[in-house]
There are 2 protein chains.
Amino acid sequence: MPLKDTLNAIVSSVDGALAALVMAYDGIPIEEIAVEQAEFDLQLLSVEYASVLKEIKRAVEVIKAGELEEVSIATAQTWVVVRVLNDDLFAALIMKRDGNFGKGRYLLKLKSYGLARELS
Amino acid sequence: MPLKDTLNAIVSSVDGALAALVMAYDGIPIEEIAVEQAEFDLQLLSVEYASVLKEIKRAVEVIKAGELEEVSIATAQTWVVVRVLNDDLFAALIMKRDGNFGKGRYLLKLKSYGLARELS
């Protein structure tokens, strides 16, 4: 399934989803689907979180606790779940704080194998 | 309840828990309970993750998506769940990857109010 369709399938199935994207650790987006206008800057969020993920990846390598797989970050307004796709790319789902975090996390994990295949 | 007792109650109730701690963003531990020897350096993990959390906190402030509340990071060998207690401190639960993440996350959230009170 093309990237765009997979990302669309995720955001349309999860209550409170704001956007789904595939991005490189350097903050360059590969594909992005935004479903509705958020109260904050999604672009800024993606770039800031990409920089943070790079830091997490580095920390995980220092600790030697195995490869990084998933990160989730909750703030008063947002839930963001990130799945690592490969050494360069990750997929992220951005939700409202009262969105269906469990389903979003599950779907992103499920679809991440297909996303990784599509990009390899 | 004293900090140590609360942290003990968390690690003894969660399958696969390795340690629970309260730490400042500068990496200085306030209290720590480790239940068993891990295959990696828990001290190093705490310090590295504290530095990463500081970065996440900074990113969240830039995005203006509300205060940071919770972060979880999964690697091939570990689950780490972090709850922000106040502007200076956070609580973290470090689990084996096959530990009971759901229960760990729930208990840390539940107990974090008491931990924050104990520290204010």
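It should be noted that the structure appears before, not after, this text.
This one's a predicted model, so the numbers in the text were calculated from it and none came from an experiment.

A.B. asks: Go over the pairing of strand β3 (residues 68-75) of chain B with me, naming the residues and quoting the values.
C.D. replies: The element β3(B) is largely enclosed, with a buried count of seven among its eight residues. The pairing of strand β3 (residues 68-75) of chain A with β3(B) spans seven bridges and is antiparallel. Of the residues in β3(B), the one forming a bridge with A:I73 is B:V71. As defined by bridge partners, β3(B) adjoins strand β4 (residues 78-84) of chain B across five bridges and the pair is classed as antiparallel. In the strand pairing of β4(B), B:S72 is matched with B:V81. In this antiparallel pair of consecutive strands, β3(B) and β4(B), the connection spans two residues.

A.B. asks: With reference to specific residues and values, describe the packing of aromatic side chains.
C.D. replies: Residue and element names in this part refer to chain A. Scanning the model with the defined rule gives four aromatic pairs over all chains in all. An angle of 55° between the planes, with centres 5.4 Å apart, marks the rings of Y25 and F90 as tilted. Highlighted residues: Y25 in the loop between β1 (17-24) and β2 (29-34) and F90 in strand β5 (residues 89-96), separated in sequence by 65 residues. Here the two residues Y25 and F90 agree in accessibility, since each one is buried. Ring plane angle 15° and centroid distance 3.8 Å describe the contact between W79 and F101, whose orientation is recorded as stacked. Placement of the pair is W79 in strand β4 (residues 78-84) and F101 in helix α3 (residues 101-118), with a sequence separation of 22 residues. Of the two residues, W79 and F101, both sit in the buried class. The positively charged end of K57 is found above the aromatic ring belonging to Y25, 4.9 Å away from the centroid.

A.B. asks: Give a detailed account of the pairing of strand β2 (residues 29-34) of chain B, specifying residues and quantitative values.
C.D. replies: Residues and elements named next belong to chain B. The pairing of strand β1 (residues 17-24) with β2 spans five bridges and is classified as antiparallel. Bridge pairing in β2 places A19 opposite A34. Hairpin connection between β1 and β2: a loop of four residues separates the two successive antiparallel strands, and G27 in this loop has a positive phi of roughly 90°.

A.B. asks: I'd like a rundown of the environment of A:D26, residues and numbers included.
C.D. replies: Residue and element names in this part refer to chain A. Considering the arrangement of structural elements, one finds D26 in the loop between β1 and β2. Judged by its relative accessible area of 55%, D26 is exposed. Separated by 20 residues in sequence, D26 and S46 place their C-alpha atoms 10 Å apart.

Reading the values: the criteria
- Residues numbered from 1 in each chain as written.
- Chains lettered and ligands numbered in written order.
- Predicted model: local features only at pLDDT ≥ 70, side-chain atom pairs only at ≥ 80, totals over all residues.
- Heavy atoms only, no water.
- Buried < 20%, exposed > 50% of the residue type's maximum accessible area, 1.4 Å probe, protein only.
- Helix = DSSP H or I, 4+ residues; strand = E, 2+ residues; numbered from the N terminus.
- Pairing = 2+ DSSP bridges.
- Phe/Tyr/Trp six-rings, centres within 6.5 Å; stacked < 30°, edge-to-face > 60°.
- Lys NZ or Arg CZ within 6 Å of the ring centre and 35° of its normal.

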